[in-house]
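Listed below, chain by chain, are the residues.
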Amino acid sequence: MSQYQIAVVIGSLRRESFNGKLADALIKLAPAEFSFKRLRIDDLPPYNQDDDANQAEQVKRLKSEIKASQGLLFVTPEYNRSIPGVLKNALDHASRPYNQSAWAGKPAGVIGISIGAVGTAVAQQHLRTVLAYLDVPTLGQPEAFLTMKEGLFGADGGIGNADTGKFLQGWMDRYAAWIKS
Ligand SMILES: Cc1cc2nc3c(=O)[nH]c(=O)nc-3n(C[C@H](O)[C@H](O)[C@H](O)COP(=O)(O)O)c2cc1C
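Summarised in this report is the structure supplied together with it. None of these values were measured; they are calculated from a predicted model.

Across its full length, the protein chain carries five helices and five strands. Listed by position from the N terminus, the elements making up the protein chain come as β-α-β-α-β-α-β-α-β-α. Here the protein chain has a C-alpha radius of gyration of 16 Å; the compact-globule value for 181 residues is 16 Å, and the two agree. Out of the 181 residues in the protein chain, the part that is buried amounts to 48%. Accessible surface for the protein chain amounts to roughly 9,200 Å². Of this, 50% is attributable to carbon and sulfur atoms. Distance between charge centroids for the protein chain: 1 Å, based on 20 positive and 18 negative side chains.

Pasting the structure below:
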């Protein structure tokens, strides 16, 4: 029985998303007492403050799934040197109404993969800025900036590259220990 339920937020809606694959591969590296639930963000309406007093069912679902979790895992691409709009939209939705944010106090890991050389470093810094305001403590080290390369993901859905696999196992070990602490 898993003791730690982690809510996973993927910043890409793309069917073959590298970040979706990275999340799946990371989950395989997690300890047995962890379980992961991918939060749906593709059906959220564009955030509108007029709706704060009457949030859509999809927003209520998102907030209740966050509240039921012991931790968060953000796996996001970088779009134009920042986080994708769909991710910001989800962050905004679940932060409202004022003083009723679902995010507050949930510890989070931040990681991502892109085809660019900086490997989502800028997007991750932008995300950390937003999360700090939302009172979400983030794992500081190790940082993980991944660039997509042929063979990174194996046919079994795990990490296909031995060095990257070792690095990500270390990342997951630190993340899991931190969530437990
Ligand atoms: C709108 C848009 C903006 C992008 N901007 C960046 C960027 O700033 N830095 C970067 O490394 N890659 C950028 N890319 C390329 C992404 O790394 C690439 O599309 C990646 O596959 C997206 O992640 P995903 O596979 O999880 O969807 C951009 C892609 C799109 C569609």
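Below, the discussion takes up the environment of G119. Examined against the element boundaries, G119 turns out to sit in the loop between strand 4 (108-114) and helix 4 (121-133). Sequence-wise, G119 and D92 are 27 residues apart; in three dimensions their C-alpha atoms are separated by 24 Å. Residue contacts for G119: discarding those within four places in its chain leaves G112, S114, Q124, F145, L146 and T147.

This part takes up the packing of helix 2 (residues 57-67) against helix 3 (residues 85-94). Running from N to C, helix 2 and helix 3 cross one another at 80°; their axes reach a closest spacing of 9 Å. Here helix 2 lies roughly perpendicular to helix 3, going by the angle between them. On the side of helix 2, the interface is formed by V59, L62, K63 and I66, while helix 3 contributes A90, H93 and A94. Here the residues of the contact of helix 2 with helix 3 sort into five nonpolar, one polar and one charged.

As a further point, take the site of the ligand. If you check the shell around the ligand, you find 13 residues, and the closest are S12, R14, S17, N19 and N80. The side chain of N19 places a nitrogen or oxygen atom 2.7 Å from an oxygen atom of the ligand. Here I115 contributes a backbone N or O atom positioned 3.1 Å from an oxygen atom of the ligand. For the ligand, whose unbound accessible area comes to 620 Å², protein coverage reaches 75%. The residue inventory of the shell around the ligand, partitioned by class, reads four nonpolar, six polar and three charged.

Our next topic: the pattern of salt bridges. All chains considered together, the criterion is met by 10 salt bridges. The salt bridge involving E16 is made with K21; its shortest N-O contact spans 3.3 Å. The exposure class of K21 is partly exposed, given its relative accessible area of 33%. R96 is the salt-bridge partner of D52, the closest N and O atoms lying 2.7 Å from each other. Of this pair, D52 sits in the loop between strand 2 (34-38) and helix 2 while R96 is found in the loop between helix 3 and strand 4, placing the two residues 44 residues apart along the sequence. Side by side, D52 and R96 carry an identical accessibility label, which is buried. Connected through salt bridges with shared partners, the residues R40, D42, D43 and R61 form a single ionic network.

A word on the pairing of strand 3 (residues 71-75). For strand 3, the buried fraction is high: five of the five residues fall into the buried class. The two faces of strand 3 match: G71, L73 and V75 on one face and L72 and F74 on the other face are all buried. Pairing analysis gives five bridges linking strand 1 (residues 4-10) to strand 3, with the strands arranged parallel. Its bridge partner being in strand 3, A7 is matched across the sheet by L72. Summarising the sheet, strand 3 and strand 4 pair through four bridges and their orientation is parallel. Along strand 4, the bridge assignment pairs L73 with G109. In terms of handedness, the path from strand 3 via helix 3 over to strand 4 forms a crossover that is right-handed.

Parameters and conventions
Residues numbered from 1 in each chain as written. Predicted model: local features only at pLDDT ≥ 70, side-chain atom pairs only at ≥ 80, totals over all residues. Heavy atoms only, no water. Helix = DSSP H or I, 4+ residues; strand = E, 2+ residues; numbered from the N terminus. Rg over C-alpha atoms; globule rule 2.2 N^0.38 Å. Buried < 20%, exposed > 50% of the residue type's maximum accessible area, 1.4 Å probe, protein only. Areas by Shrake-Rupley, 256 points an atom, 1.4 Å probe, with all protein chains shown as cover. Lys, Arg positive; Asp, Glu negative; His and termini not counted. Charge placed at Lys NZ, Arg CZ, Asp CG, Glu CD. Contact = heavy atoms within 4.5 Å. Axes fitted to C-alpha atoms, helices over the stretch in contact; angles between N-to-C directions. Parallel < 35°, antiparallel > 145°, perpendicular 65-115°, else oblique. Nonpolar A, V, L, I, M, F, W, Y, C, P; charged D, E, K, R; others polar. Near = heavy atom within 4 Å. Polar contact = N/O pair within 3.5 Å; in protein donor to acceptor, adjacent residues only side chain to side chain. Salt bridge = Lys/Arg side-chain N within 4 Å of Asp/Glu carboxyl O. Pairing = 2+ DSSP bridges. Right-handed = clockwise from strand over helix to strand, strands pointing away.

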